[in-house]
Amino acid sequence: MKQGAVLGMILFIASESIFFLLLVLAYVNFHKTTGQEAAAMLDPVKTGLFSIALISSSFTLWMAEKSRPKNKGLFRLWLFATVVLGAIFLTGQMMEYGKLITHKLTISRDLFGSTFFTLTGFHGLHVFIGLVLLSVLLGLALKGRQNEPPEPGVQSVAIYWHFVDAVWIVIFSIVYLWRYV
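Note that this is a predicted model, so its numbers are computed, not measured.

(A) Structural context of unusual backbone geometry. Residues other than glycine seldom take positive phi values, yet Lys104 does so here, at roughly 65 degrees. According to the relative accessible area criterion, Lys104 is exposed, its value standing at 63%.

Written out as structure tokens, the structure reads:
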């Protein structure tokens, strides 16, 4: 039963990998024919800074996992840091969306807008879901009961979060850095 949660998450991640692969392929396909001008409106430096927060959150979650059996206080601290870093990334994404929308770059503008907002928006949704899951773990840890949160739950959420971070590295590379290659 305990390993069933982890296996379930791994199978879920496998299906999500295919989903994101198709979104990335759609972006790449339509980027060839449209969107060069719109892509120039993106700010890879600012988004890169927010990306550092997200990628760093994988390290803080790893540290939380390492400290869990030995030190509940450190586990809570590292988990809280992970939530904060994920929230910083999501805030940065919302700020970017606001800027793009004020410049009339929307999901309905053209193929670039449609694929950009769909790809990054679904990733943002996954970050939000991850933040909810991490917050649940943090809430359970703060209750202070023995063996809370349970190890399979921590492992499952960690697998999900590391997946979300890895997907962002691919998205950031293709959406924000591709035009510089």
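(B) Region of interest: the packing of aromatic side chains. Under the definition given, this model contains 16 aromatic pairs. Pairing Phe12 with Tyr160 gives two aromatic rings, centres 6.4 Å apart and planes at 20 degrees, and the pair type is stacked. Taken together, the residues span a long stretch of sequence, with Phe12 in helix H1 (residues 2–33) and Tyr160 in helix H6 (residues 151–177) at a distance of 148 residues. For Phe12, a relative accessible area of 36% puts it in the partly exposed group. With 4.9 Å between their ring centres and 70 degrees between their planes, Phe89 and Trp168 make a pair best called edge-to-face. Taken together, the residues Phe89 in helix H4 (residues 72–102) and Trp168 in helix H6 connect sequence positions 79 residues apart. A relative accessible area of 2% means that Phe89 is categorised as buried. By the ring-pair criterion, three or more aromatic residues cluster together here, those being Tyr27, Phe89, Tyr97, Phe112, Phe116, Phe117, Trp168, Phe172 and Tyr176.

(C) Focus on the packing of H4 against helix H5 (residues 111–143). Viewed as axis vectors pointing N to C, H4 and H5 meet at an angle of 155 degrees, and their least axial separation amounts to 9 Å. Here H4 is positioned roughly antiparallel relative to H5, judged by the angle of their axes. For H4 against H5, the interelement crossing comes out left-handed. Here the residues of the contact of H4 with H5 sort into 19 nonpolar, eight polar and two charged.

(D) The arrangement of the nonpolar core in detail. Counting 44 residues, the largest nonpolar core has Phe112, Phe116, Leu119, Ile171 and Val175 as the members making the most contacts within it. Where this core is concerned, the elements lending two or more residues are H1, helix H2 (36–39), helix H3 (44–67), H4, H5 and H6. The element best represented in this core is H6, accounting for 13 residues. Once you skip the residues sitting within four places of it in the chain, Val175 turns out to touch Tyr27, Leu42, Phe116 and Leu119.

Procedures and definitions
Residues numbered from 1 in each chain as written. Predicted model: local features only at pLDDT ≥ 70, side-chain atom pairs only at ≥ 80, totals over all residues. Heavy atoms only, no water. Buried < 20%, exposed > 50% of the residue type's maximum accessible area, 1.4 Å probe, protein only. Phe/Tyr/Trp six-rings, centres within 6.5 Å; stacked < 30°, edge-to-face > 60°. Helix = DSSP H or I, 4+ residues; strand = E, 2+ residues; numbered from the N terminus. Axes fitted to C-alpha atoms, helices over the stretch in contact; angles between N-to-C directions. Parallel < 35°, antiparallel > 145°, perpendicular 65-115°, else oblique. Left-handed = near helix turned anticlockwise from the far one by under 90°. Nonpolar A, V, L, I, M, F, W, Y, C, P; charged D, E, K, R; others polar. Core = buried A, V, L, I, M, F, W, Y, C linked by side-chain atoms within 4.5 Å. Contact = heavy atoms within 4.5 Å.

So, to be careful, I would describe these as geometric facts and stop short of saying anything about function.
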